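Coordinate analysis (summary)
This is what each chain is made of:
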Amino acid sequence: MRRTSAIVALAAAGLFHGQSTAGPVFYPTAVPNGHWFVSTNVDRSGDGKFESFKTALFTQAVNVTYDAARADWIADVPSGSHGGVGSWTFFVFRQSFDLTGFDSTSAKLTIRWGADDSGEIFAQRGSWIPAYTLNGGPFIYYPGSSPSHRIPTYGYSPWFTITSGFVPGVNTIDFYVEGNGQTDGFGLQVQSFTADSCKGDLNRDGLVDDADFSIFVVAYDLLDCTDPAMPLGCPSDLNADTLVDDADFSIFAVAYDAVLCP
Ligand SMILES: [Ca+2]
Ligand SMILES: [Ca+2]
Ligand SMILES: [Ca+2]
């Protein structure tokens, strides 16, 4: 019992200092509420046109209900339909997520996704190839699809990992999908999302400043990461050698000088 109590106490101490070792959070489309939003524009003359996508009409996205195999997909309405084939429907599916307290240059997001329609230019499916853009960066096509080799996107792609294009603080990813007006939508699943902690940002507020220094000096005085008073995970041990000493202070000083997390 004593051992259990000690572990609980250590965990509580760690949480109190904001030193949770949890990674950043990105939501699959299975849980759209509060996380996934969609800007929808129906334009019968807009087939395949980038200009037809609007980013000023965002509403809460909802799970579609027309196909049990797509229970975790989303659209602006449960039917995913807007007047039938030929009512080209331009969706921008958006999620914003927060990397505050993390080193954005180390972020790795592993996902897979699918979209209806596929831009295959037959059977009146529309001609836009589904693609995403992270923080306004280049558009990245559905895996394996390109203007010269258009493939169906109606099921989940292979898993792939996004390792660049992240920025400090709040990030935004947009998926551009053109539906043909009938049973349209978008699905995304998440395998993992990881990022290193921002070195020196011990209270995880996106800055390395005096508040962090106050936390660091306490750990520096304790020195040994195995000291029961040390916060869980010994986050002030910036070079991971089980001691909080001058070597860590040197690293801390560099981050403190930069103030903003990378
Ligand atoms: Ca469709
Ligand atoms: Ca901080
Ligand atoms: Ca150390």
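Since the model is a prediction, treat every value here as computed from it, not as a measurement.

What follows concerns the overall build of the chain. On a plain count of helices and strands, the chain comes out with three helices and 11 strands. What you see in the chain, going N to C, is helices and strands ordered as α-β-β-β-β-β-β-β-β-β-β-β-α-α. Over its C-alpha atoms the chain spans a radius of gyration of 23 Å, topping by over 25% the 18 Å that the globule rule assigns to 262 residues. Projecting the C-alpha coordinates of the chain onto the three principal axes gives extents of approximately 70 × 45 × 30 Å. Expressed as a percentage of its 262 residues, the buried residues of the chain come to 34%. Partitioning the intrachain contacts of the chain with sequence separation of at least 6 by distance along the chain shows that 71% fall at a separation of at least 24.

Here we take up the domain arrangement of the chain. Segmentation of the chain into domains returns domain 1 (5-21 + 197-258) and domain 2 (37-194). Taken together, the seven residues of domain 1 in the interface contact six residues of domain 2. Counted by class, the side of domain 1 that touches domain 2 contains one nonpolar, two polar and four charged residues.

What follows deals with the nonpolar core. By size, the foremost hydrophobic cluster in this structure holds 46 residues, and its most contacted members are V38, I74, F91, F93, F175, V177 and F186. Looking at this core, the elements that each hand over two or more residues are β4 (74-75), β5 (89-98), β6 (108-116), β10 (170-179), β11 (185-194), α2 (210-222) and α3 (246-258). Among residues more than four places away in sequence, those in contact with F186 are T29, W73, I74, F91, F93, A115, F175 and V177.

Note that V31 resides in the loop between α1 (2-16) and β1 (37-42). Accessibility expressed as a C-beta count within 10 Å gives 12 for V31, which makes it exposed. The sequence separation of V31 and N63 amounts to 32 residues, and the corresponding C-alpha distance is 8.2 Å.

We now examine unusual backbone geometry. Here the amide bond leading from D116 into D117 is cis, since omega sits at 20°, within 30 degrees of zero. With respect to the element layout, D117 can be found in the loop between β6 and β7 (131-134). Phi at A240 takes a positive value of approximately 55°, unusual for a residue other than glycine. Here A240 shows up in the loop between α2 and α3.

So, about the pairing of β10. Along β10, eight of the 10 residues are buried, which leaves the element largely enclosed by surrounding structure. Relative to β10, β5 runs antiparallel, the two sharing 10 bridges. Considered in β10, the bridge of F93 is made with F175. Two elements, β7 and β10, share four bridges in a ladder whose sense is antiparallel. Looking at β10, one finds that L134 is bridged to I173.

Per-residue confidence for the chain averages 91 on the pLDDT scale, and 92% of its residues sit at or above 70. Within the model, pLDDT remains below 50 along residues 1-20, and this stretch shows 17 contacts once partners closer than five positions in the same chain are excluded.

The next thing to look at is the sheet that holds β5. If you trace the six strands from one edge of the open sheet to the other, you get β2-β1-β5-β10-β7-β8, paired in antiparallel fashion. Strands with a single pairing partner mark the edges of an open sheet, and in this sheet they are β2 (58-60) and β8 (140-141). Note that β7 and β8 share two bridges and pair antiparallel. The residue bridging A131 from the neighbouring strand is Y141, located in β8.

With 13 residues, α2 should reach 18 Å at 1.5 Å per residue; the first-to-last C-alpha distance of 19 Å fits that figure. Taken together, the buried positions of α2 are occupied by D212, F216 and A219. Down the axis, α2 shows its buried residues gathered within 60° of arc, on one side only. Exposed residues on α2 whose side chains face more than 90 degrees from its buried face are D210, S214 and D221. Buried residues belonging to α2 abut α3. Among the residues trailing α2, L223 stands out with phi positive, at a value near 70°.

What counts, and where the lines are drawn
Every chain begins its residue count from 1, and numbering advances along the sequence as written. Here the convention is simple: chains get letters from A, ligands get numbers from 1, in the order in which they are written. In view of the model being predicted, local features appear only for residues whose pLDDT reaches at least 70, and side-chain atom pairs are presented and counted only at 80 or more, with totals across whole chains, interfaces and linings using the full set of residues. Helix and strand definitions follow DSSP, with helices as H or I runs of at least four residues and strands as E runs of at least two, each counted in order from the N terminus. The globule rule used here is 2.2 Å times the number of residues to the 0.38 power, and the radius of gyration it is set against is calculated over C-alpha atoms. Burial in this document is a count-based property: other C-beta atoms within 10 Å of a residue's C-beta are tallied, and the residue is buried at 20 or more, exposed at 12 or fewer, or partly exposed in between, with C-beta positions derived from the backbone. Each residue is represented by a C-beta atom placed from its backbone, and any two residues with such atoms within 7 Å are regarded as in contact. These domain limits were set by an automatic method or by a database of domain assignments. Charged residues are taken to be Asp, Glu, Lys and Arg, nonpolar residues to be Ala, Val, Leu, Ile, Met, Phe, Trp, Tyr, Cys and Pro, and polar residues to be all remaining types, Gly included. Each nonpolar core comprises buried Ala, Val, Leu, Ile, Met, Phe, Trp, Tyr and Cys residues, the members being joined through C-beta atoms within 7 Å. Strands are labelled as partners when DSSP assigns at least two bridges between them. The quantity known as pLDDT measures the predictor's confidence residue by residue, on a range of 0 to 100. Expected helix span is computed as 1.5 Å times (number of residues minus one). This arc is built from the directions going out from the helix axis to the C-beta atoms.

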